[in-house]
Amino acid sequence: MCRWLAYQGRPIYLDELVYEPEHSLVHQSLEARKAVTRVNADGFGLGWYTERSTPGQFHEVLPAWGDENLRSLTHHIRSHRFMAHVRSSTGTSVSRSNCHPFILDNWMFLHNGQIGGYSQVKYALERQLPEALYLQRRGSTDSELIFLLAMNNGLREDPVAAIRKTIDDIESIMAEKGVDQPFKASMCLSDGDGFWVVRYSTDKEPPTVFIRAEEENIALASEPLESDGSWCKVAPQTLTCIRGNQVVSELL
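Residues numbered from 1 in each chain as written. Predicted model: local features only at pLDDT ≥ 70, side-chain atom pairs only at ≥ 80, totals over all residues. Heavy atoms only, no water.

Visitor: Just to check I follow, could you spell out the packing of aromatic side chains for this structure?
Guide: Note on aromatic pairs: each is described by the distance of the centres and the angle between the planes. Going through the model one piece at a time under the given rule, you end up with 4 aromatic pairs. Ring centres of Phe109 and Phe147 lie 5.2 Å apart, and the angle between their planes is 5°; this geometry places the pair in the stacked category. One end of the pair, Phe109, is in strand E6 (residues 107-114); the other, Phe147, is in helix H6 (residues 142-152), and 38 residues separate them in sequence. Take Phe109 and Phe147: they sit in the same class, and that class is buried. Sitting over the face of the ring of Phe195, Arg81 holds its NZ or CZ atom 4.9 Å from the ring centroid. (Phe/Tyr/Trp six-rings, centres within 6.5 Å; stacked < 30°, edge-to-face > 60°. Helix = DSSP H or I, 4+ residues; strand = E, 2+ residues; numbered from the N terminus. Buried < 20%, exposed > 50% of the residue type's maximum accessible area, 1.4 Å probe, protein only. Lys NZ or Arg CZ within 6 Å of the ring centre and 35° of its normal.)

Visitor: What's the story with the sheet that holds strand E7 (residues 184-190) in this structure? I'm lost.
Guide: Strand pairing in a sheet is mediated by backbone hydrogen bonds. Such pairs are either parallel or antiparallel. Within the open sheet, the 6 strands sit side by side as E5-E6-E7-E8-E12-E13. Their pairing is antiparallel. Looking at which strands have only one partner, the edges of the open sheet turn out to be strand E5 (102-104) and strand E13 (246-251). Going from strand to strand, the sheet's axes swing by 15° on average, the running direction of each strand aside. Note: E6 against E7, 7 bridges, orientation antiparallel. Bridged to His111 within E7 is Met187. Contacts between H6 and the sheet are confined to E5, E6 and E7, with E6 contributing the most and set at about 130° to the helix. Of the strands in this sheet, E6, E7, strand E8 (194-201), strand E12 (238-243) and E13 are in contact with helix H7 (residues 159-176), which crosses E8 at around 25°. (Pairing = 2+ DSSP bridges. Axes fitted to C-alpha atoms, helices over the stretch in contact; angles between N-to-C directions. Contact = heavy atoms within 4.5 Å.)

Visitor: Honestly, the pattern of salt bridges in this entry has me stumped. Any pointers?
Guide: Note that side chains of opposite charge can pair when their charged atoms are close. Under the definition given, this model contains 11 salt bridges. Taking the shortest distance from any N to any O, the salt bridge between Glu60 and Arg96 comes out at 3.0 Å. Residue Glu60 is found in strand E3 (residues 56-60), and its partner Arg96 is found in the loop between strand E4 (78-86) and E5; the two are separated by 36 residues along the sequence. Note that Glu250 and Arg164 form a salt bridge whose closest N and O atoms lie 2.9 Å from each other. Of the two residues, Glu250 is situated in strand E13 and Arg164 in helix H7; the sequence distance between them amounts to 86 residues. The class for Arg164 is partly exposed, based on a relative accessible area of 29%. Taken together, the shared-partner salt bridges connect Glu126, Arg137 and Glu144 into one network. (Salt bridge = Lys/Arg side-chain N within 4 Å of Asp/Glu carboxyl O.)

Listed below in structure tokens is the structure:
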């Protein structure tokens, strides 16, 4: 499965998390410790916020460890809030349009996991999208579809309610189609001012998410970037809201 990280706090250069730690995201792309797949070589992506109203992004299909553009960009881009993702495909094509994070206006989204029996439920889920949102779909992943479904369910107005409804909708259609494979999700969403982090699975064994909070600096990652004990595992079956240095979790 994929690996990701997210950060908010004092502005830092992206390579301080993407490259420099002992178990950095780029290192995880070569050797993930807490994932089913140890190598994540099906592309990568960055998304970062600045003073502008919409975030910047960079996607590439090369393995993260071999891309000099990624090394240069992360060394020179400084941001107070950003996301990064290395991809291990669960069946969809390796393309820039399938790389995370996905961005729509000021919103950014990334995901690790999968919708069980995706080929069986894809059509029914896509039919829930209005035309305007359906036409925003650029790739073929279940991850991007989850993001658009959440947008349709009111993500802009009430993120918590929208995320809950999206999970319920996916589970309902999986049940209708008789899918018994689990829906697994570790997800991070941002509107540029906060994070909403989901760790959830229908089999109650969701992909891992860890958090490190140091005053106003908060980092999230699929795996700890350091082995110094500063990272705490986010509880399973939870939705965590992060605004400033306030971190509040609730059960899903």
